[in-house]
Amino acid sequence: QVYKGLDIITNKVSPQEQRLCKHHMISFVDPLVSDYTVVDFRDKAVPLISYIFARDKIPIVVGGTNYYIESLLWKVLVNTKEKPSSAPRPDSDRKVELEQLDSAELHRRLSQVDPEMAAKLHPHDKRKVARSLQVFEETGIPHSEILQRQREEEGGGPLGGPLKYPHSCILWLHADQAALDARLDKRVDDMVAAGLLEELRDFHRRYNQEKVAENRQDYQHGIFQSIGFKEFHEYLVSEGNCSPETSALLLEKGIQALKQVTKRYARRQNKWVRNRFLKRPGPNVPPVYGLEVSDVQRWEEDVLKPALEIVESFIQGREPPAEPLRMEQDGKENKRSHRVCELCDRLIIGDREWA
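Residues numbered from 1 in each chain as written. Predicted model: local features only at pLDDT ≥ 70, side-chain atom pairs only at ≥ 80, totals over all residues. Heavy atoms only, no water.

Threshold: UniProt positions are given in the numbering used here, feature names are shortened, and annotations may be inferred rather than shown by experiment.
Within an unreviewed UniProt entry, the label attached to the protein reads tRNA dimethylallyltransferase, and the organism entered is Bombycilla garrulus. According to the UniProt record, the Catalytic activity (unreviewed entry) comment for the protein reads "adenosine(37) in tRNA + dimethylallyl diphosphate = N(6)-dimethylallyladenosine(37) in tRNA + diphosphate".

Observations regarding the environment of E138
Under the convention used in this document: Put simply, DSSP H or I for four residues or longer makes a helix, DSSP E for two residues or longer makes a strand, and each gets a number counted from the N terminus. For each residue, the accessible area found with a 1.4 Å probe, counting protein chains only, is set against the maximum for its type, and the residue is called buried under 20%, exposed over 50%, and partly exposed in between. Note on definitions: a residue-residue contact is assigned when non-hydrogen atoms from the two residues lie within 4.5 Å.
Its place among the elements puts E138 in helix α7 (residues 126-139). What makes E138 partly exposed here is its relative accessible area of 36%. Residues E138 and V38 lie 100 residues apart in sequence; the distance between their C-alpha atoms is 17 Å. For E138, the residues in contact, after removing those within four places along its chain, are T80 and R94.

Considerations on the pattern of salt bridges
Stated formally: Take a side-chain nitrogen of Lys or Arg and a carboxyl oxygen of Asp or Glu: if they are within 4 Å of each other, that pair is a salt bridge.
This model, assessed by the stated rule, comprises 22 salt bridges. Here E153 makes a salt bridge to K75, at a shortest N to O gap of 2.8 Å. With E153 in the loop between α8 (143-152) and β1 (170-174) and K75 in the loop between α3 (66-73) and α4 (94-98), the pair connects residues that are 78 residues apart, well separated along the chain. Residue class for E153 comes out partly exposed when judged on its relative accessible area of 29%. Here the salt bridges do not stand alone but share partners, grouping E70, R276 and R280 into one network.

A short note on the side chain of S132
For S132, the location among the structural elements is in helix α7. The residues contacting S132, other than those within four sequence positions of it, are L110, M117, L121 and H143.

A short note on the packing of helix α5 (residues 103-113) against α7
Operational definition: Lines fitted to C-alpha atoms define the axes, with helix axes restricted to the stretch in contact, and inter-axis angles between N-to-C directions lie between 0 and 180 degrees. By the definition adopted for this analysis, an angle is roughly parallel if under 35 degrees, roughly antiparallel if over 145, roughly perpendicular if from 65 to 115, and oblique otherwise. Definitions for this section: a left-handed crossing has its near helix turned counterclockwise from the far helix by less than a right angle. A right-handed crossing has that turn clockwise. By the convention adopted, Pro, Cys, Tyr, Trp, Phe, Met, Ile, Leu, Val and Ala count as nonpolar, Lys, Arg, Asp and Glu as charged, and the other residues, Gly among them, as polar.
Between α5 and α7, whose axes approach to 10 Å, the crossing angle comes to 40°. Here α7 runs oblique to α5, going by the angle between their axes. Considering the relative orientation of α5 and α7, their crossing is left-handed. Across from S103, L106, H107, R109, L110 and V113 in α5, the residues of α7 making contact are K126, V129, A130, S132, L133 and F136. Residues belonging to the contact of α5 with α7 are distributed by class as follows: seven nonpolar, three polar and two charged.

Printed below as a string of structure tokens:
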């Protein structure tokens with residue numbers, strides 16, 4: 001939602017809703033900026049949070065992407081940029097350059113300068129391996145060492161540094177899987193009805209057509225990572241160059257793919273809440289309150305009323321009426337174990353993935 005335009009595909013809050021309450025961090029990055037990162041997001045959001053607190057107001061961070069929310073709550077990121085900016089940078093991004101290398105070569109380089117981090121990362125995870133190499137190149141310190149220093153700070157823990165805002169809470173809206181899947185399918189249908197294809201067509205014509213013609217299309221960076229671009233790529237590049245029947249089939253294929261990837265993304269976000277919030281080890285974890293949203297007809301009773309009571313209690317320094325959720329971490333699980341499946345000829349990292 002930080003990117004300008006593309007309001008339908010990014011499910012932006014409507015202008016009418018924005019008028020009801022001041023919104024930040026929406027529609028300010030040029031869509032062609034390919035190296036906007038979670039560090040840029042944090043560096044712009046944190047001063048805004050301070051500004052809101054200074055006016056005796058309460059900042060509400062709305063997800064979305066829980067990885068970005070985690071970057072605001074805890075000290076977990078590594079700075080390598082001199083200063084944040086939403087403008088295109090004249091120099092090419094080093095991480096993007098590194099990602100052009102072969103996976104094996106990337107991992108070999110990391111093994112030489114930071115064997116500890118290389119042992120933790122999958123050799124084919126180009127983005128994470130490239131990021132760790134970039135950190136070492138731009139700071140002169142192994143990535144693993146910087147992360148270890150964060151964990152050792154007062155209030156730090158196994159997953160990173162200390163909590164930045166001690167007096168905070170997390171409201172987790174969750175639903176029955178079947179109800180959520182049906183809702184997400186309907187959301188995609190509503191997006192198509194609202195003009196999703198026209199929005200994608202226009203963006204493809206203005207920004208993407210030339211890249212496709214020159215075989216420079218990149219779905220790994222910037223706005224093109226957003227769910228919806230890859231899924232309709234075939235339909236957009238073949239439109240006008242194939243029969244109406246083929247075009248209709250490609251369109252339906254794109255819609256079904258969008259529904260599938262949206263549901264997969266929702267599952268991933270729920271998994272993040274469980275593993276990084278609910279199971280987070282250490283004392284510096286905000287309470288997580290679960291709000292059941294399976295039946296939207298019961299929004300007032302199941303979501304709005306209890307949420308307001310929880311927040312009101314926090315403001316007044318009282319114990320909230322609801323009990324926070326908590327899940328115990330499985331102490332025996334090894335997330336960094338390495339096993340090779342001989343049948344698939346694949347390296348599997350982590351006990352859970354192997355199981």
